[in-house]
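Geometric and topological summary
Listed below are the residues making up each chain.
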Amino acid sequence: MKFLIVFVALFAVALAAPAGDVQIVRADSEDKQLTPHFLIRWETSDGQKADAAGELKNIGSENESLAVRGSFSFVADDGQTYTVNYIADENGFQPQGAHLPVAPEA
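Because the structure is predicted, anything quoted here is derived from the model rather than measured.

Thresholds applied
Residues numbered from 1 in each chain as written. Predicted model: local features only at pLDDT ≥ 70, side-chain atom pairs only at ≥ 80, totals over all residues. Heavy atoms only, no water. Helix = DSSP H or I, 4+ residues; strand = E, 2+ residues; numbered from the N terminus. Buried < 20%, exposed > 50% of the residue type's maximum accessible area, 1.4 Å probe, protein only. Contact = heavy atoms within 4.5 Å. Areas by Shrake-Rupley, 256 points an atom, 1.4 Å probe, with all protein chains shown as cover. Pairing = 2+ DSSP bridges. Phe/Tyr/Trp six-rings, centres within 6.5 Å; stacked < 30°, edge-to-face > 60°. pLDDT = per-residue confidence, 0-100. Salt bridge = Lys/Arg side-chain N within 4 Å of Asp/Glu carboxyl O.

Turning our eyes to something else, we now look at the overall build of the protein chain. When helices and strands are counted, the protein chain shows 1 helix and 6 strands. Secondary structure elements of the protein chain, listed N to C terminal, follow the sequence α-β-β-β-β-β-β. Each of the 106 residues in the protein chain was classed as buried or not, and the buried ones make up 22%. Pairs at least 24 apart in sequence give 23% of the contacts found in the protein chain among residues at least 6 apart. In the structure as shown, the protein chain presents an accessible area of about 7400 Å², 55% of it carried by carbon and sulfur atoms.

Given below as structure tokens:
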């Protein structure tokens, strides 16, 4: 069920693109029912794209969690393409991108 929620959320982002001539040019997913993995990819005609791969960890335990690794890209108003690579797991959402600020070393 968690896989479906993540897929629907990411697909909704793709569909929320501004109205106009933007088309979904690629959308595919792979939900392996026999294993705790999934893969989602989509791309739109205006340069947006995303992919995510997830895995269910500690299956059946009270520490069961979903770990997702992915990226998304978009073309901003300044015409540049920005990409965010991320990990989302029991440690939270951990984004990285050349345009994102980085916390100073402690």
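On to the environment of Phe-72. Mapping Phe-72 onto the fold places it in strand β4 (residues 65-75). Judged by relative accessible area, which is 32%, Phe-72 ranks as partly exposed. The sequence separation of Phe-72 and Asn-85 amounts to 13 residues, and the corresponding C-alpha distance is 6.7 Å.

Each regular strand shows side chains that alternate between the opposite faces of the sheet. With 5 bridges joining them, strand β5 (residues 81-89) and strand β6 (residues 92-96) adopt antiparallel strand pairing. By the bridge assignment for β6, Ile-87 is matched with Gln-94. Taking the residues between adjacent antiparallel strands as the criterion, β5 and β6 are bridged by 2 residues.

With that out of the way, let us pick up the packing of aromatic side chains. All chains considered together, the criterion is met by 3 aromatic pairs. Each ring, one from Phe-72 and one from Tyr-86, has its centre 6.3 Å from the other, and the planes form 45°; the classification is tilted. Residue Phe-72 is found in strand β4, and its partner Tyr-86 is found in strand β5; the two are separated by 14 residues along the sequence. An aromatic cluster of three or more residues is present, and its members are Phe-72, Tyr-86 and Phe-93.

With that settled, consider the confidence of the model for the protein chain. Overall, the prediction assigns the protein chain a mean pLDDT of 82, with 76% of residues at 70 or greater. The weakest mean pLDDT in the protein chain belongs to helix α1 (residues 2-15) at 52; the strongest belongs to β5 at 95.

One pass over the structure, following the stated rule, counts 2 salt bridges. The salt bridge involving Arg-41 is made with Asp-28; its shortest N-O contact spans 3.3 Å. A residue pair is termed long-range when its members are at least 10 positions apart, and Arg-41 in strand β2 (residues 37-44) and Asp-28 in strand β1 (residues 24-32) qualify at 13 residues. Note on Arg-41: relative accessible area 31%, which makes it partly exposed. By relative accessible area, Asp-28 is classed as partly exposed at 31%. Residue Lys-57 is joined to Glu-55 by a salt bridge in which the shortest nitrogen-to-oxygen separation is 3.8 Å. By relative accessible area, which is 29% here, Glu-55 ends up partly exposed.

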